[in-house]
Amino acid sequence: MSSVPAPDSASRPGGGWRFDNSYARLPAAFFSRVQPTPVSHPRVVLFNPTLANALGLDVTNLSLPSAASVFAGNELPPGADPIGQAYAGHQFGNLTRLGDGRAILLGEQVTPSGARFDIQLKGPGPTPYSRRGDGRAALGPMLREYLISEAMHALGIPTTRSLAVATTGEPVFRDEPLPGAVLTRVAASHIRVGTFVLFSALGDVDSLRLLVEHTRQRHFPNLTQHPENPALALLEGAIESQAFLIAQWMRVGFVHGVMNTDNMALSGETIDYGPCAFIDTYDPDAVFSSIDHQGRYAFGNQPSIAGWNLARFAEALIPVLHPDSAQALPLAQEAIRQFPARFTRHWLEAMRGKLGLFSEEPGDEALINDLLTALLEGRADYTHSFRSLHPDQASGPIPPDWHNRWTGRLRQQPQTREAVLHRMRAHNTAVIPRNHEVEAALDDATRRADLSRFHRLLQAVSQPYDETGQPQEFLNPPPAGTPRCTTFCGT
Ligand code: AMP
Ligand code: MG
C-alpha cells in the first residue's frame with residue numbers, strides 16, 4: 001500500500017478531506033467505478049461533529065447547508081475515487097453473487113493520526129450491482145442505522161459509524177412512497193467474508209492472494225504468527241476478532257438479525273444495521289427479522305452462526321492456505337476448531353464482568369448459566385435484571401439461592417465492594433436503544449419530520465452506562481403487553 005503524504009492542515013483542501021484510495025488501486029475485478037446519482041433537494045438532517053473531528057474534517061467548513069451536497073452525493077469531496085465493491089455472500093445459507101447495490105465507497109479518509117477509514121454513501125443511487133433495486137434508501141432505516149451504530153460505539157463494541165444523514169427530497173418506493181435519504185457510513189473497511197467468497201467461487205486465486213495481503217496489512221499489521229503463511233495468519237486473526245465481537249453482542253443483548261457472510265467484516269466491526277434489535281426479555285430464541293422464519297439468526301444462535309460463517313471463510317481461503325489442497329484442508333479445520341473455545345473465553349470474561357467477578361473459578365460458567373435460566377423462566381428483562389443486580393439483596397427475578405451462591409463467590413475474591421460495583425456498572429448497560437423507543441422516535445421523524453424524540457434517544461444511548469439525568473422511560477423495560485417488534489431487511 002502506498003504511503004500518504006503528511007498532513008498539512010493549512011493547505012488541507014475542502015474541509016479536511018484527505019483521501020487515499022488503496023482499494024480502488026486494486027485490480028478491476030475488485031470493484032466498478034460508479035458515480036452517485038444527484039438528487040433534487042439535498043438536506044443534512046443529522047451530522048456527527050465528534051466523529052467529523054476525529055476524522056480530521058474541518059467541522060466549521062462542513063456547516064450543515066454546504067455539507068448537504070457532499071452527504072447526498074451531489075458533489076464529491078476532493079480526492080474521492082468512487083466505486084462499488086464486488087462481493088458475494090451466503091444469504092440465509094445460499095451462496096449469491098452480490099456487490100454494493102446501494103452503496104458507493106467514496107474513498108479512504110486518512111486521519112491526522114494516520115488511521116484509515118472508508119467513507120461510504122449508503123443509498124446514493126444505482127450501481128452495476130443493483131440488479132433490479134433502485135440503489136436508494138429510505139429515511140427511517142438510515143436514521144435507524146445512525147442511532148444503533150452510534151449506540152454500539154458508545155457501548156464500547158467495534159462497529160461502523162455514522163457521520164451524516166441527508167434527505168434527498170425524492171421519494172423511494174417500497175410498499176408506499178417514503179422519504180429518501182443517504183447515510184454516510186464510516187468503517188475501518190468494507191472487506192467482508194463475502195469478498196473472499198467471491199474470488200474463491202470464481203476460481204480467481206490471484207485476486208484472492210491480493211485480497212489476503214491487502215486485508216492483512218490493513219487490519220492485522222502487527223500479527224507475527226505464520227509469517228510464511230499470511231492467509232493462515234488472517235484466518236486466525238479473523239476467528240479471534242469475531243469471537244470477541246460476538247461475545248460483546250451477547251453481553252448487551254444485541255441481535256444482528258442478518259449474519260450473512262456478506263455482512264461479516266474482516267475489520268471485526270459490527271456492520272449492516274438492517275433488521276437488528278436488542279432483546280428486552282431474556283430469550284435465546286429471540287428473532288425480530290420479518291424474514292428469519294427458521295430463527296437462523298436468533299439471539300442464542302449468533303455464536304454458532306459466526307462459526308459457520310468463519311468456516312465459509314476458511315473454505316474460501318483453501319487455495320491460498322497451501323499449494324496442496326490436501327495439506328490446506330487440515331490447516332483450515334484446525335483454525336476453525338478453535339472458534340468455540342475462543343468465543344467462550346471472551347463470553348466468560350464479559351459475563352464475569354457483569355457479575356463483578358475479577359478472578360476465574362471453575363464454577364463460574366454454571367453460576368452464569370443458572371442466572372440466565374432463572375431470567376428465562378422469569379421472563380425477565382435482560383438489561384434491567386443485570387443492571388439492578390446487587391450483592392445486598394436478591395430482588396425481582398433473582399432467586400435467593402442463586403444470590404447466596406453469587407455473594408459467596410464474591411467473598412472469595414479480595415476486591416472491595418466498591419470495586420465490584422464499579423466493574424458491574426462498566427459491563428451492565430443502563431440504557432439500550434429499546435425497540436419501542438426506537439420505533440416511536442423513527443415514527444416522529446419520518447411521519448412528522450420531528451427529530452426531537454430521536455435526538456433525546458440518541459443522547460441517552462450515547463452515555464449508556466450512566467443513569468444520571470437519563471429520562472426514566474429510557475431506563476425502564478417496555479410497558480407490559482408491548483408486542484415484540486418486527487424488523488425488516490434492506491429497506
Ligand atoms: P443487505 O441486506 O443490506 O446486506 O443487502 C444485500 C444486498 O442487496 C446488497 O448487495 C445490497 O447492495 C442489495 N440491495 C439491498 N437493497 C437494495 C436497493 N434498494 N437497491 C439495490 N440493491 C439493494
Ligand atoms: Mg449487507
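Because the structure is predicted, anything quoted here is derived from the model rather than measured. (Residues numbered from 1 in each chain as written. Chains lettered and ligands numbered in written order. Predicted model: local features only at pLDDT ≥ 70, side-chain atom pairs only at ≥ 80, totals over all residues. Heavy atoms only, no water.)

This part is about the site of ligand 1. Near ligand 1 lie 17 residues; those nearest to it are Gly99, Gly101, Asp134, Gly135 and Asp272. In the model, a nitrogen atom of ligand 1 is placed 3.0 Å from a nitrogen or oxygen of the Asp134 side chain. The contact in question runs from a nitrogen atom of ligand 1 to an N or O atom on the backbone of Arg136, over 3.4 Å. Considered on its own, ligand 1 offers 490 Å² of accessible surface; in the complex 83% of this is hidden by protein. (Near = heavy atom within 4 Å. Polar contact = N/O pair within 3.5 Å; in protein donor to acceptor, adjacent residues only side chain to side chain. Areas by Shrake-Rupley, 256 points an atom, 1.4 Å probe, with all protein chains shown as cover.)

A word on the pairing of strand β8 (residues 116-122). Most of β8 sits inside the fold, with 6 of its 7 residues counted as buried. Bridge analysis of strand β7 (residues 103-110) against β8 gives 7 bridges, and the strand direction is antiparallel. Across the sheet, the residue bridging to Gln109 is Phe117, located in β8. (Buried < 20%, exposed > 50% of the residue type's maximum accessible area, 1.4 Å probe, protein only. Helix = DSSP H or I, 4+ residues; strand = E, 2+ residues; numbered from the N terminus. Pairing = 2+ DSSP bridges.)

The next thing to look at is the domain arrangement of the chain. Assigned domains of the chain: these are domain 1 (23-187) and domain 2 (355-427). Here domain 1 and domain 2 have C-alpha centroids that lie 41 Å from each other. (Domains from an automatic or database assignment.)

So, on to the packing of helix α5 (residues 205-219) against helix α6 (residues 230-252). In the contact formed by α5 and α6, the axes pass within 10 Å of each other and the chain directions differ by 55 degrees. Judged on the interaxial angle alone, α6 and α5 are oblique. Once α5 is placed against α6, the crossing between them reads as left-handed. Contacts from Val212, Glu213, Thr215 and Arg216 in α5 reach Pro230, Ala231, Ala233 and Leu234 in α6. Per-class residue counts for the contact of α5 with α6 are 5 nonpolar, 1 polar and 2 charged. (Axes fitted to C-alpha atoms, helices over the stretch in contact; angles between N-to-C directions. Parallel < 35°, antiparallel > 145°, perpendicular 65-115°, else oblique. Left-handed = near helix turned anticlockwise from the far one by under 90°. Contact = heavy atoms within 4.5 Å. Nonpolar A, V, L, I, M, F, W, Y, C, P; charged D, E, K, R; others polar.)

A few words on the coordination of the magnesium ion (ligand 2). Distances from the magnesium ion (ligand 2) to its protein donors, namely Asn263 (OD1) and Asp272 (OD), fall within the range 1.8 to 2.3 Å. Under the relative-accessibility criterion, Asn263 is labelled buried at 11%. (Donors = N, O, S within 2.8 Å, 3.2 Å for Na, K, Ca; no water.)

Attention now goes to the packing of aromatic side chains. Enumeration according to the criterion identifies 15 aromatic pairs in this entry. With centroids separated by 6.5 Å and ring planes inclined at 55 degrees, the aromatic side chains of Trp17 and Phe71 adopt a geometry described as tilted. Taken together, the positions of Trp17 in the segment before β1 (19-20) and Phe71 in helix α2 (residues 64-71) put the pair 54 residues apart, joining distant regions of the chain. Exposure remark for Trp17: the relative accessible area of 3% places this residue in the buried category. Assessed through its relative accessible area of 1%, Phe71 is described here as buried. Taken together, the ring pairs connect Trp17, Phe19, Phe47 and Phe71 into an aromatic cluster. Over the aromatic face of Trp308 sits the side chain of Arg312, whose NZ or CZ is 4.5 Å from the ring centroid. Positioned above the aromatic ring of Phe386, the side-chain terminus of Lys354 is 4.5 Å from the ring centre. (Phe/Tyr/Trp six-rings, centres within 6.5 Å; stacked < 30°, edge-to-face > 60°. Lys NZ or Arg CZ within 6 Å of the ring centre and 35° of its normal.)

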